[in-house]
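These are the residues of each chain, in order.
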Amino acid sequence: MSEPIYIGGFSGGIDSQAAARFMLNRCGAARVVLVNSDAGGNKHPLTIEHIGWYSAHVHPVARVQAIVRDMWVNPDTAAERGFDPNEPLTFVRMAEMRRIFPSRKRQFCTDKLKLQPIRRWILANYPDGNYARFSGVRRDESLARADRQWLEWDDFYDCELYNPVYDWSKQMCFDYVKQHKEQINPLYSLGFTRVGCAPCVNSNKDDILNWATRFPEMIDKVRVWERHVGRTFFAPCVPGMAINWVDDVVAWAKTDRGGRQNNLFRILPPPVCESRYGLCE
Ligand code: SF4
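Residues numbered from 1 in each chain as written. Predicted model: local features only at pLDDT ≥ 70, side-chain atom pairs only at ≥ 80, totals over all residues.

(A) The arrangement of the packing of helix α1 (residues 14-27) against helix α6 (residues 170-179) in detail. Two elements in contact, α1 and α6, have axes whose closest approach is 9 Å; the angle formed by their N-to-C orientations is 55°. In terms of axis orientation, α1 runs oblique to α6. The chirality of how α1 crosses α6 is left-handed. Side by side, α1 and α6 meet where Ile 14, Asp 15, Gln 17, Ala 18 and Arg 21 of the first sit next to Lys 170, Cys 173, Phe 174, Tyr 176 and Val 177 of the second. Its residues assigned to classes, the contact of α1 with α6 shows six nonpolar, one polar and three charged. (Axes fitted to C-alpha atoms, helices over the stretch in contact; angles between N-to-C directions. Helix = DSSP H or I, 4+ residues; strand = E, 2+ residues; numbered from the N terminus. Parallel < 35°, antiparallel > 145°, perpendicular 65-115°, else oblique. Left-handed = near helix turned anticlockwise from the far one by under 90°. Contact = placed C-beta atoms within 7 Å. Nonpolar A, V, L, I, M, F, W, Y, C, P; charged D, E, K, R; others polar.)

(B) Quick peek at the domain arrangement of the chain. Each assigned domain of the chain is listed here: domain 1 (5-187) and domain 2 (189-267). The centre of domain 1, based on its C-alpha atoms, is set 25 Å off from the matching centre of domain 2. On the side of domain 2, 18 residues touch domain 1, which itself brings 20 residues to the contact. The element that contributes the greatest number of residues to the side of domain 1 that touches domain 2 is helix α4 (residues 91-98), accounting for three residues. Tallied by class, the residues present in the side of domain 1 that touches domain 2 amount to nine nonpolar, eight polar and three charged. (Domains from an automatic or database assignment.)

(C) The arrangement of the nonpolar core in detail. With 33 residues, the main nonpolar core has Tyr 6, Ala 18, Ala 19, Met 23, Val 165 and Cys 173 as its most contacted residues. A total of six residues in this core trace back to one element, the largest contributor, which is α1. Formed jointly, this core draws a minimum of three residues from each of two domains, domain 1 (5-187) and domain 2 (189-267). Contacts of Ala 18, omitting those with residues within four sequence positions, involve Gly 136, Val 165, Trp 168, Cys 173, Tyr 176 and Val 177. One finds Cys 197, Ala 198, Val 246 and Val 249 within the second-largest nonpolar core, a separate group that totals 27 residues. (Core = buried A, V, L, I, M, F, W, Y, C linked by C-beta atoms within 7 Å. Buried ≥ 20, exposed ≤ 12 C-beta atoms within 10 Å, placed from the backbone.)

(D) Fine view of the sheet that holds strand β2 (residues 32-37). Strands sit in the order β3-β2-β1-β4-β6-β5 across an open sheet of six strands; the sheet is mixed. Two strands bound the open sheet, and with one partner strand each, they are β3 (61-64) and β5 (151-154). Direction aside, neighbouring strands of the sheet carry axes that sit 35° apart on average. Bridge count for strand β1 (residues 5-9) against β2 is four bridges, and the pairing is parallel. Following the sheet pairing, Gly 9 is matched in β2 by Val 35. (Pairing = 2+ DSSP bridges.)

(E) Seen up close, the site of the ligand. Every one of the 13 residues lining the ligand counts as a neighbour, but Cys 109, Gly 196, Cys 197, Cys 200 and Val 201 are closest to it. Of the residues in the shell around the ligand, the class split is seven nonpolar, five polar and one charged. (Near = placed C-beta within 6 Å.)

(F) Representation of the pairing of strand β4 (residues 131-134) in the model. Note that β1 and β4 share four bridges and pair parallel. In the strand pairing of β4, Tyr 6 is matched with Ala 132. In terms of strand pairing, β4 meets strand β6 (residues 159-162) through two bridges, oriented parallel. In the strand pairing of β6, Arg 133 is matched with Leu 161.

(G) Representation of the environment of Ala 212 within the structure. Within the fold, Ala 212 resides in helix α7 (residues 205-214). Taking C-alpha positions, Ala 212 is 6.9 Å from Val 250, a pair spaced 38 residues apart along the chain.

(H) Structural detail: unusual backbone geometry. The omega torsion across Ala 198 and Pro 199 is 0°, close enough to zero to call that bond cis. Phi is positive for Arg 99, close to 60°, though the residue is something other than glycine. Accessibility expressed as a C-beta count within 10 Å gives 9 for Arg 99, which makes it exposed. One non-glycine residue, Asp 158, lies in positive phi territory at about 55°.

(I) How the structure looks around the packing of α4 against helix α5 (residues 108-125). Close contact between α4 and α5 brings their axes to 11 Å; oriented N to C, the two are set at 130°. Taken together, α4 and α5 sit at an angle that is classed as oblique. α5 is crossed by α4, and the crossing has right-handed handedness. Only Phe 108, Cys 109, Lys 112 and Leu 113 of α5 make contact with α4, whose side of the interface consists of Phe 91, Met 94 and Arg 98. Its residues placed into classes, the contact of α4 with α5 shows five nonpolar, no polar and two charged.

(J) Molecular detail of helix α8 (residues 216-229). For α8, spanning 14 residues, the distance from its first C-alpha to its last is 20 Å, which sits close to the expected 20 Å at 1.5 Å a residue. Among the residues of α8, those classed as buried are Lys 221, Val 222 and Trp 225. Along the axis of α8, the buried residues cluster in a sector spanning 95°; they form a single face. Away from its buried face, by an angle of more than 90 degrees, α8 presents the exposed residues Pro 216, Glu 217, Asp 220, Val 224 and Arg 227. (Expected span 1.5 Å × (residues − 1). Arc of directions from axis to C-beta.)

This is the structure:
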């Protein structure tokens, strides 16, 4: 068999961008395929713009949208249960169908909105199976990823999986991409640490406050979704709050540790650039 095609997810975040650059350098553009799933429409417009810029100026990124069929492993299940399998699967539609939003403990959004649609796309476009995957996972992201290796077997996609930045820090990913003079998702310069979704169900306190301060429309969107589904977007885990609707969570994000007192410095207007990764010139 000839050398495989290397297929990588391109989320618009720095880790997948660094991994893509590494694979482009090592394997050549002709053997690298990048694909992005729109995460059920939960990406910020700046992230979508960044992916468009990358696709036009660096390397094409194929766009995939989740559909209701992706809710199940068996492609026939949606129709058997009376759903339209080709209906676009938005973030809120997914939560409505599961009657709950995803959370750190039940992170089904990754599976339904990213892994399943991308696998469907790969099977349709590369039926000969001569491909390997690569990803931007890093060991220091979480304990669950602490044992990741350069080369693994990917059971889900049934192929080899390369993790070129597995032992890099996030700062190394920024430095590497900057060295290659590629644009970086502007949300990082605005102080965000997670840019995959806007917001992510796993957003930390600073990111939640940042969404509320800089892009309140993202919080408005979540408030509408919560009313529609009748469940909270963020898992109810803020101490001292029985149920954490999004406005409770934003109020908590304005407080210091302990969650009782507002901190003036947390609620002052943010500076123009507050990147933690040395992105200001
Ligand atoms: S970025 Fe967060 S909310 Fe979006 S799919 Fe990943 S885990 Fe889910």
